[in-house]
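Structural overview
Given next are the chains, with one letter for each unit.
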Amino acid sequence: MMLHDSLILLFLLSDNKTLDFEASFKTLTEERDELKKKLTDFVHYSQQGWKYFNGSFYYISSNMKTWNESRTDCLQRGADLVVVNSEEEQEFINRYQKRIWIGLADSEREGTWKWVDGTPLTTSFWHSGEPNDYEGQNEDCVETRFFNEENGWNDSICGQRNFWMCEKKMFL
Ligand code: BGC
Ligand code: CA
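Residues numbered from 1 in each chain as written. Chains lettered and ligands numbered in written order. Predicted model: local features only at pLDDT ≥ 70, side-chain atom pairs only at ≥ 80, totals over all residues. Heavy atoms only, no water.

1. Some words on the site of ligand 1
Taken together, Glu130, Asn132, Tyr134, Glu139, Arg145, Asn154 and Asp155 form the complete shell of residues around ligand 1. At 3.3 Å, a side-chain N or O of Arg145 approaches an oxygen atom of ligand 1. Interatomic distance of 3.0 Å between a side-chain N/O atom of Asn154 and an oxygen atom of ligand 1. Taken by itself ligand 1 offers 310 Å² of open surface, and the protein chains cover 68% of this. Per-class residue counts for the shell around ligand 1 are 1 nonpolar, 2 polar and 4 charged. (Near = heavy atom within 4 Å. Polar contact = N/O pair within 3.5 Å; in protein donor to acceptor, adjacent residues only side chain to side chain. Areas by Shrake-Rupley, 256 points an atom, 1.4 Å probe, with all protein chains shown as cover. Nonpolar A, V, L, I, M, F, W, Y, C, P; charged D, E, K, R; others polar.)

Structure, rendered in structure tokens:
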């Protein structure tokens, strides 16, 4: 239906009808294939219990793992640990009311916080007093710990076991 209508519209609007028609047809065929793949992915992730929110799918674990094990789990699911880019996303995570690993660590360089997608930390939601490498411990991984407050992040020991959240970006 939509494809057919678009083709007719493009056909009517063009001067060099045959050429434009062929070019449009190729573009539309490609777009159709992309949409088909997105739909397949969408159905797949929904059926696996992932939640869609603001352009991403999210998976919340039901067991607890270390930060590294959590990240490996996400990668195996075709995703990565969640990268928090907005207040809305932070609130979304907090709603689970669990201590959850997020995709933020300073393991490479102490004090330089880096997201798993390689981006540096710009908007942060540290709890007051954090990050603190508590009592001289090496706390290189970030969890949402004070989840009843928007600023709920805590740096924690990466080997500790927490729930974790994976994120898979998917724009429709
Ligand atoms: C945690 C620290 C945290 C502190 C906050 C401790 O139990 O291990 O990471 O900074 O609590 O009071
Ligand atoms: Ca801490």
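2. Quick word on the coordination of the calcium ion (ligand 2)
Expected angles at a metal are 109.5 degrees for tetrahedral coordination by four donors and either 90 or 180 degrees for octahedral coordination by six donors. In the first shell of the calcium ion (ligand 2), the protein supplies Glu130 (OE), Asn132 (OD1), Glu139 (OE), Asn154 (OD1), Asp155 (O) and Asp155 (OD), at 2.2 to 2.6 Å from the metal. Donor residues for the calcium ion (ligand 2) sit on one chain with the sequence pattern E-x1-N-x6-E-x14-N-D. Of the two residues, Glu130 sits in the loop between β5 (114–115) and β6 (141–144) while Asn154 sits in strand β7 (residues 153–156), which places them 24 residues apart along the sequence. Take Glu130: its relative accessible area is 16%, and that puts it in the buried class. When its relative accessible area of 4% is taken as the criterion, Asn154 is described as buried. (Donors = N, O, S within 2.8 Å, 3.2 Å for Na, K, Ca; no water. Helix = DSSP H or I, 4+ residues; strand = E, 2+ residues; numbered from the N terminus. Buried < 20%, exposed > 50% of the residue type's maximum accessible area, 1.4 Å probe, protein only.)

3. Let's talk about the domain arrangement of the protein chain
Split into domains, the protein chain comes out as domain 1 (1–47) and domain 2 (51–169). One C-alpha centre belongs to domain 1, the other to domain 2; they are set 39 Å apart. (Domains from an automatic or database assignment.)

4. Focus: the state of the cysteines
In this structure the tally under the stated criterion is 2 disulfides. Disulfide pairing is shown between Cys74 and Cys166; the S-S distance is 2.1 Å. Here the S-S torsion is close to -80°, and the disulfide linking Cys74 with Cys166 is therefore left-handed. With Cys74 in helix α3 (residues 67–76) and Cys166 in strand β8 (residues 163–169), the pair connects residues that are 92 residues apart, well separated along the chain. A residue is classified by how much of its surface remains accessible, and Cys74, at 0% relative accessible area, is buried. In this structure Cys166 comes out as buried when scored by relative accessible area, which is 0%. The disulfide partner of Cys141 is Cys158, and the gap between their sulfur atoms is 2.1 Å. (Disulfide = S-S within 2.5 Å.)

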